[in-house]
Amino acid sequence: MTTHPGDPATIGSFAIEARLGRGAMGAVYLARSPGGRLVAVKVVRDELAGDDGFRARFAREIEAARRVSGAFTAAVVDADPDAERPWLATEYLPGPTLQKAIDTSGPLTPGGVRSLAGGLAEALVAIHACGLIHRDLKPSNIVLTDNGPRVIDFGIARALEDASLTATGVVIGTPGYLSPEQITGSAIAPSSDMFALGAVLVFAASGRGPFATGNPASLLHRIVHEQPHIPPLPEPLHDLVRRCLARDPAHRPTPQQLLHAVGSPANTALLTPPTPTIANPTKLLPESAASTQPTWPGQEASAGQVPPGQSPAAVHQAVPGHQAAGQSAPVQHVAGPLTPARTGATFSTTRTRPVVIALLTTLLVLGFWPRQSAAQDPAAAVIGTTVSAISLYFAVRSWRLVVRRRVVLRLTPEGLSVERGYQQAAVPWSAVTRLRLVGDLKRPWLIAWLDAAHQSTLPTPRRRHHGGVKLYPVAHERTAKHRAHQLNELQAALNWYAGRLHDNSY
């Protein structure tokens, strides 16, 4: 018996017992086969079910996933990509996810991390041997069983990612575990999974990801441009994790190399935390109406704490097939009007530096302005005039930045909003046709091309750029170093939230 109105009683030959959660692909149910075997059934949401391209990709990924050994993965039991709502049934794994285990019991011991590394490397060997790339390996997609770690949701991310890129330009994945090539749009290979594996091992050993936490733009910028923070680990784990997190995919080890370096792992029981596994899966089901309210992508349905190794802005997460007792299930976001941003990336201009420069240069102008007495000393007059002219140039330039109204730009999974002075307005992504960063490195601007209905709604300068609206002056008032940093973060946020719309040829 299900607890949600409209939930099916059966899917294929499987009797539905409970809903485990919802995610980017759709709903996932706990079901029982005719012979009494527990399975997790993932049912595709309506929007994807109506996409013939997604159905074809989904069918291909299912066929490839069937060939993966179930030793360290959740084996595919049955599937029907041609059903009215395509579905996939996998083996049900009664155990907590790595995310839940760390949240509940803290980081794993060095022996546990070593066992985790060996088990995940062996799982990736099996997955990659079948021509698959997981693309979304993260703690919530790893289940800890009595017989070691098992990887779930492999083979589905490819079809889901292709459909999402086509529809919205959004990349599928979790910010803290994406490889640099997934962020920049480069070719993705099995080495991308090795980068995610390195990030997972850092989280397992410390309870924090290698690039800390923050909004997606900050996380993505750090992954592409900064070095990871790796906690002390016994060799050879420390060197292996460092190599896994290399920016250059060619410098990362293969799963076979990692498996060989780790050697024979410790008892897999070290991975099981001292918390009971799922005794009664139906207790996972949300009982209140609040649990079915729309949430922002990646946000927990309950009001619990954000996991320490995961950004609260993780978006479009894959459906977690198995969750520990007491863990709330992610709820799929329902599109609607823009509300005040609870997640996303925010960029703003500042007047502090221009004010300081404007005051100093104004004082220089007043102090060196040529006086009548300076006519007796021509050299002093020339120096005073030169200093005054240069200071006047910078004073006028700085005062212009001081009197310019403050601009705040927010990018969210739903769209963008601009606040200029006391005016503000929001635009959904569906109303944006193109985004581009233009200008030189001293005065870059973010330009947006909008549909006619939203052209005049944003509080932006009247002067247009080839028909586009000048949305945001990128750190014009800051130093070159700060401007380059904000430009990189803005590019990362645009790629994350509006990859299809962002012309990143800047």
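For clarity, every value in this text was computed on a predicted model and none was experimentally measured.

*Asks:* Any chance you could explain the overall build of the chain here in plain terms?
*Replies:* The number of helices and strands found in the chain is 13 helices and 16 strands. Residues classed as buried in the chain amount to 53% of the 506 residues present. Contacts in the chain between residues far apart in sequence, at least 24 positions, make up 66% of those at least 6 positions apart.

*Asks:* Before we go on, may I ask you to explain a nonpolar patch on the surface in this structure?
*Replies:* Together, Val 356, Leu 360, Leu 363 and Leu 366 give the surface a local cluster of nonpolar side chains, amounting to about 400 Å² of exposed area. Residue position: Val 356 is located in helix H11 (residues 352–368).

*Asks:* Before we go on, may I ask you to explain the sheet that holds strand S10 (residues 407–411) in this structure?
*Replies:* What holds strands together in a sheet is hydrogen bonding between their backbones, with the strands either parallel or antiparallel. If you trace the four strands from one edge of the open sheet to the other, you get S9-S10-S11-S12, paired in antiparallel fashion. Either end of the sheet is taken by a strand with one partner, and the two such strands are strand S9 (345–348) and strand S12 (423–428). Pairwise comparison of adjacent strand axes, ignoring direction, gives a mean angle of 10 degrees for this sheet. Here S9 runs beside S10; their pairing, made up of four bridges, is antiparallel. Note that in S10 the partner of Ser 348 across the bridge is Val 408. This element, helix H13 (residues 480–498), spans S9 and S10 of the sheet and lies at about 145 degrees to S9.

*Asks:* Would you take a moment to explain helix H12 (residues 378–403) for this structure?
*Replies:* Residues that lie three or four places apart on an α-helix share one face, since the helix turns once every 3.6 residues. Its 26 residues place the ends of H12 37 Å apart at the C-alpha level, agreeing with the 38 Å of an ideal helix rising 1.5 Å per residue. Among the residues making up H12, those that are buried are Ala 381, Gly 384, Ser 388, Ser 391, Ala 395, Ser 398, Leu 401 and Val 402. Residues of H12 that are buried make contact with H11.

*Asks:* Please explain the pattern of salt bridges as it appears in this structure.
*Replies:* Side-chain pairing between opposite charges can occur once the charged atoms of the two side chains come close. Tallied over the entire structure, the rule returns seven salt bridges. Close ionic contact of Asp 136 with Lys 138 constitutes a salt bridge, the shortest N to O distance being 3.4 Å. Using a relative accessible area of 3% as the deciding quantity, one classes Asp 136 as buried. Of the residues examined, Lys 138 reaches a relative accessible area of 1% and is grouped as buried. Residue Arg 410 is joined to Glu 419 by a salt bridge in which the shortest nitrogen-to-oxygen separation is 3.7 Å. Accessibility expressed as a relative area gives 28% for Arg 410, which makes it partly exposed.

Cut-off values and rules
- Residues numbered from 1 in each chain as written.
- Predicted model: local features only at pLDDT ≥ 70, side-chain atom pairs only at ≥ 80, totals over all residues.
- Heavy atoms only, no water.
- Helix = DSSP H or I, 4+ residues; strand = E, 2+ residues; numbered from the N terminus.
- Buried < 20%, exposed > 50% of the residue type's maximum accessible area, 1.4 Å probe, protein only.
- Contact = heavy atoms within 4.5 Å.
- Patch = residues over 30% accessible without salt bridge, like charges linked within 9 Å, V, L, I, M, F, W, Y side chains within 5 Å.
- Areas by Shrake-Rupley, 256 points an atom, 1.4 Å probe, with all protein chains shown as cover.
- Salt bridge = Lys/Arg side-chain N within 4 Å of Asp/Glu carboxyl O.
- Pairing = 2+ DSSP bridges.
- Axes fitted to C-alpha atoms, helices over the stretch in contact; angles between N-to-C directions.
- Expected span 1.5 Å × (residues − 1).

That's the geometry; what it means functionally is another story.
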